[in-house]
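# Structural overview
The chain contents come next:
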Amino acid sequence: MSMLVLEDVHTHYGKIEALHGVSVEVNKGEIVSLIGANGAGKTTLLMTVCGSPQASSGRIILEGRDITRDPTANIMRSGIAIVPEGRRIFSSLTVEENLQMGGFFKSNAENRKSQDHVYSLFPRLKEREFQRAGTMSGGEQQMLAIGRALMSKPKMIILDEPSLGLAPLVIKQIFEIIGHLRDEGITVFLVEQNANQALSLADRGYVLETGRIRLHDTGANLLANPDVRAAYLGG
Ligand code: ATP
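How each quantity is defined
- Residues numbered from 1 in each chain as written.
- Predicted model: local features only at pLDDT ≥ 70, side-chain atom pairs only at ≥ 80, totals over all residues.
- Heavy atoms only, no water.
- Helix = DSSP H or I, 4+ residues; strand = E, 2+ residues; numbered from the N terminus.
- Polar contact = N/O pair within 3.5 Å; in protein donor to acceptor, adjacent residues only side chain to side chain.
- Contact = heavy atoms within 4.5 Å.
- Expected span 1.5 Å × (residues − 1).
- Buried < 20%, exposed > 50% of the residue type's maximum accessible area, 1.4 Å probe, protein only.
- Arc of directions from axis to C-beta.
- Pairing = 2+ DSSP bridges.
- Near = heavy atom within 4 Å.
- Areas by Shrake-Rupley, 256 points an atom, 1.4 Å probe, with all protein chains shown as cover.
- Nonpolar A, V, L, I, M, F, W, Y, C, P; charged D, E, K, R; others polar.
- Axes fitted to C-alpha atoms, helices over the stretch in contact; angles between N-to-C directions.

### Quick look at the side chain of Ser152
With respect to the helices and strands, the residue Ser152 is situated in the loop between helix H6 (138-150) and strand E7 (156-160). A distance of 3.2 Å separates a polar side-chain atom of Ser152 from the backbone oxygen of Ala149. Setting aside anything within four residues of it in sequence, one finds Ser152 in contact with Ala81, Gly102 and Lys106.

### Digging into helix H4 (residues 108-121)
An ideal rise of 1.5 Å per residue puts 20 Å on 14 residues; H4 measures up with 20 Å between its terminal C-alpha atoms. If you check which residues of H4 are buried, you get Asn111, Ser114, Gln115, Val118, Tyr119 and Leu121. Here the buried residues of H4 occupy an arc of 150° about the axis, which is enough to place them on one side. Projecting away from the buried face of H4 at angles above 90 degrees are the exposed residues Arg112, Lys113, Asp116 and Ser120. Buried-residue contacts for H4 involve helix H3 (95-102), helix H5 (123-127), H6 and helix H7 (168-183).

### Brief notes about the side chain of Asp70
Following the sequence through the fold, Asp70 ends up in the loop between strand E5 (65-66) and helix H2 (72-76). On the basis of relative accessibility, which here comes to 15%, the residue Asp70 falls in the buried class. At 3.1 Å, the side chain of Asp70 forms a polar contact with the side chain of Arg65. Here Asp70 is in contact with Gln54, Arg65 and Ile75, once residues within four sequence places are set aside.

### Concerning the pairing of strand E1 (residues 2-13)
Where E1 lies against strand E2 (residues 16-27), nine bridges are found, and the strand directions are antiparallel. Within E2, the position partnered with His12 by the bridge is Glu17. Following E1, the chain reverses through two residues before pairing antiparallel with E2; Gly14 in that reversal takes a positive phi of roughly 60°. Relative to strand E4 (residues 57-62), E1 is paired through five bridges, and the arrangement is antiparallel. Within the sheet, the bridge partner assigned to Leu4 lies in E4 and is Leu62.

### Some remarks on the site of the ligand
In the neighbourhood of the ligand, 13 residues make up the surrounding shell, with Asn38, Gly39, Lys42, Thr43 and Thr44 lying closest. In this structure, Gly39 approaches the ligand through a main-chain N or O atom, which is 2.8 Å from an oxygen atom. The contact in question runs from an oxygen atom of the ligand to an N or O atom on the side chain of Glu161, over 3.1 Å. Bound to the protein, the ligand loses 57% of the 630 Å² it would expose on its own. Of all the elements, helix H1 (residues 42-49) adds the most residues to the shell around the ligand, at three residues. Here the residues of the shell around the ligand sort into four nonpolar, six polar and three charged.

### Some points on the sheet that holds strand E10 (residues 212-218)
Pairing within the open sheet is mixed, and its six strands lie in the order E6-E7-E8-E3-E9-E10. Two strands in the sheet have a free side with no partner beyond their single neighbour: strand E6 (80-83) and E10. Strand-to-strand, the axes of this sheet are offset by a mean angle of 15°, without reference to chain direction. Looking at chain direction, strand E3 (residues 31-35) and strand E9 (residues 204-209) are connected through four bridges and run parallel. Directly across from Ile35, in E9, lies its bridge partner Val207.

### Let's talk about H3
Of the positions making up H3, those classed as buried are Val95, Glu96, Asn98, Leu99 and Gly102. The buried side chains of H3 occupy one side of the element, clustering within an arc of 160° when seen end-on. Here the buried face of H3 lies against H4, H5 and H6.

### Focus: unusual backbone geometry
Residues Ser52 and Pro53 are joined by a peptide bond in cis, for which omega reads 5°. Relative to the elements of secondary structure, Pro53 occurs in the loop between H1 and E4. Of note in the backbone geometry, Lys153 takes a positive phi value of approximately 50° without being a glycine. Of note, Lys153 is situated in the loop between H6 and E7. Phi at Thr210 is positive, roughly 35°, even though this residue is not glycine. Tracing the chain through its elements places Thr210 in the loop between E9 and E10.

Structure representation (structure tokens):
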């Protein structure tokens, strides 16, 4: 059963075409990883799903509904949550205030429940509930960015390079948490340059090169693929 389908999606920045007909399918309950080098178009693909920029042609289907021309705010209300590259947390707000921003569309009662759930997933955030987010470590800020996304109780979470700039041990924790989200029934679409971890965790993966999907297969098969190993896993 499909959660998200991209069919032959083209995206332009002005006259420049960044995605040249990309097709991707994410099934419900899966972790799907998209890997690719700098500038391959990974962030563009994610942002196109969110409607900013909009696809110039092709179709984006969320749970059977065509969302290609929907405004971003509507897409964000339809069960997708995004954890953007660079985390984009509110540095001068506390952990708790950041979480409340993530639950903006929900009632107070729902937010309290979601917040308790986030704190149960991330006890570290509970300990730091009243700390200003900008003073936390990179790993804690990434946990907060994920926690904030969970506040809207998404069916699918989209993560843009969650391991960027983090130490190996912290990366391991973040990937464990992502695995846990799948166990809770949340569909995960993960964009990563850290191909090894992203493919190890993924049910399926896609390789994006200069705006085109070059390969797609199970995570395990991609990890074993000599071309993928040479290009993304250091041989
Ligand atoms: P990175 O890992 O470095 O973030 P990426 O795979 O996410 O790379 P994108 O950021 O999607 O790649 O960029 C894909 C292409 O689109 C690049 O050539 C980039 O220069 C171009 N691009 C991205 N954003 C814009 C923009 N706002 N205006 C014009 N061109 C853009």
